[in-house]
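Spelled out from the first residue to the last, the chains are:
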Amino acid sequence: MNVKDTTGYFVHESSYVDDGAQIGEDTKIWHFSHISGGATIGEGCTLGQNVFVASGVTVGNFCKIQNNVSLYEGVELGDYVFCGPSMVFTNVQRPRCKYPQRGTEFYARTPVGEGASIGANATIVCGHTIGKHAFIAAGSVVTKDVPDHAIVMGAPARQKGWACECGEKLGEALVCSKCGRAYHEEKHGLIQINEK
């Protein structure tokens, strides 16, 4: 079993955690995963089967990363981010095998805001920001920034509505029928205007 220090977190015996990786308390890393040295993973996260986390990647607290997801350099996940099965992040905007582009100067930053959900088989083209509590539908291809609370779908992904922090789709009044949160639209998406 290749485990460096599992005090406070769990690593399945088929997975590898390289020296220099930082992993928070109560995080679980399941079968056939690889966490590179220099990666930072927060508390209470779940990493499914066959997950790769590269050096320099930051994963917030209480994230859920489903099977077959790779987090390459440049990816930054906020707290409570959901990455669905087999979704894809890229990190170089114009890759060429003949002309390798390795090193942090080539890796585009891709921040994902707190509470965002990315559906199964979605692709996030690097260099774009996914807003807080945004919802990326399964199979979507994100080619531009996604505002806070936006629901996007399709290839390329286009906005099809707004999502509450709790995940419910919002109507025109921007008041959640499930939890009662109310929102106002601003330049970078929705902001909550009542206490919950």
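Residues numbered from 1 in each chain as written. Predicted model: local features only at pLDDT ≥ 70, side-chain atom pairs only at ≥ 80, totals over all residues. Heavy atoms only, no water.

1. Quick notes on the nonpolar core
Counting 46 residues, the largest nonpolar core has Leu71, Leu77 and Phe89 as its most contacted members. Listed by contribution, the elements that provide at least two residues to this core are strand 12 (75-77) and strand 20 (150-153). Non-local contacts of Leu71, meaning those with residues more than four positions away in its chain, are made with Phe52, Val53, Ala54, Val57, Val59, Ile65, Leu77 and Phe89. (Core = buried A, V, L, I, M, F, W, Y, C linked by side-chain atoms within 4.5 Å. Buried < 20%, exposed > 50% of the residue type's maximum accessible area, 1.4 Å probe, protein only. Helix = DSSP H or I, 4+ residues; strand = E, 2+ residues; numbered from the N terminus. Contact = heavy atoms within 4.5 Å.)

2. A look at the sheet that holds strand 8 (residues 52-53)
With parallel pairing, four strands are arranged side by side in an open sheet as 2-5-8-11. Strands with a single pairing partner mark the edges of an open sheet, and in this sheet they are strand 2 (16-17) and strand 11 (70-71). Relative to strand 8, strand 5 (residues 34-35) runs parallel, the two being bridged by two bridges. The residue bridging Ile35 from the neighbouring strand is Val53, located in strand 8. (Pairing = 2+ DSSP bridges.)

3. A word on the pattern of salt bridges
Counted under the stated rule, the structure contains two salt bridges. Between Arg109 and Glu76 there is a salt bridge, with the nearest N and O atoms lying 2.9 Å from each other. Pair noted here: Arg109 is in the loop between strand 14 (88-89) and strand 15 (110-112) and Glu76 is in strand 12, with a separation of 33 residues, a long-range link. Across the pair Glu165 and Arg181 runs a salt bridge, and its minimum N-O distance is 3.8 Å. Placement of the pair is Glu165 in the loop between strand 21 (158-162) and strand 22 (183-186) and Arg181 in the loop between strand 21 and strand 22, with a sequence separation of 16 residues. (Salt bridge = Lys/Arg side-chain N within 4 Å of Asp/Glu carboxyl O.)

4. Here we look at unusual backbone geometry
A negative phi angle characterises most non-glycine residues, just as the trans form characterises most peptide bonds. Put simply, Ala155 and Pro156 share a cis peptide bond, and its omega is 0°. Topologically, Pro156 is positioned in the loop between strand 20 and strand 21. At Asn50, a position not held by glycine, the phi torsion is positive, near 60°. Examined against the element boundaries, Asn50 turns out to sit in the loop between strand 7 (46-47) and strand 8.

5. Thoughts on the packing of aromatic side chains
Scanning the entire structure with this criterion turns up three aromatic pairs. Judged by centre distance (6.1 Å) and plane angle (50°), the ring pair of Phe52 and Tyr72 falls under tilted. With Phe52 in strand 8 and Tyr72 in the loop between strand 11 and strand 12, this pair connects stretches of sequence that are 20 residues apart. Judged by relative accessible area, Phe52 falls into the partly exposed class, the value being 25%. (Phe/Tyr/Trp six-rings, centres within 6.5 Å; stacked < 30°, edge-to-face > 60°.)

6. Section: the state of the cysteines
Counted by the stated rule, this structure contains zero disulfides. Left unpaired, Cys126 is separated from the closest cysteine sulfur, that of Cys83, by 15 Å. Residue classification places Cys126 among the buried positions, given a relative accessible area of 1%. (Disulfide = S-S within 2.5 Å.)

7. Re the environment of Ala137
Examined against the element boundaries, Ala137 turns out to sit in the loop between strand 18 (135-136) and strand 19 (141-142). Residue class for Ala137 comes out buried when judged on its relative accessible area of 12%. A sequence separation of 42 residues divides Ala137 from Cys179, and the C-alpha atoms of the two residues are 22 Å apart. What Ala137 contacts, discounting residues up to four positions off in sequence, is Gly119, Ala122, Val152 and Met153.

Function cannot be inferred from these measures alone, as they are strictly geometric.
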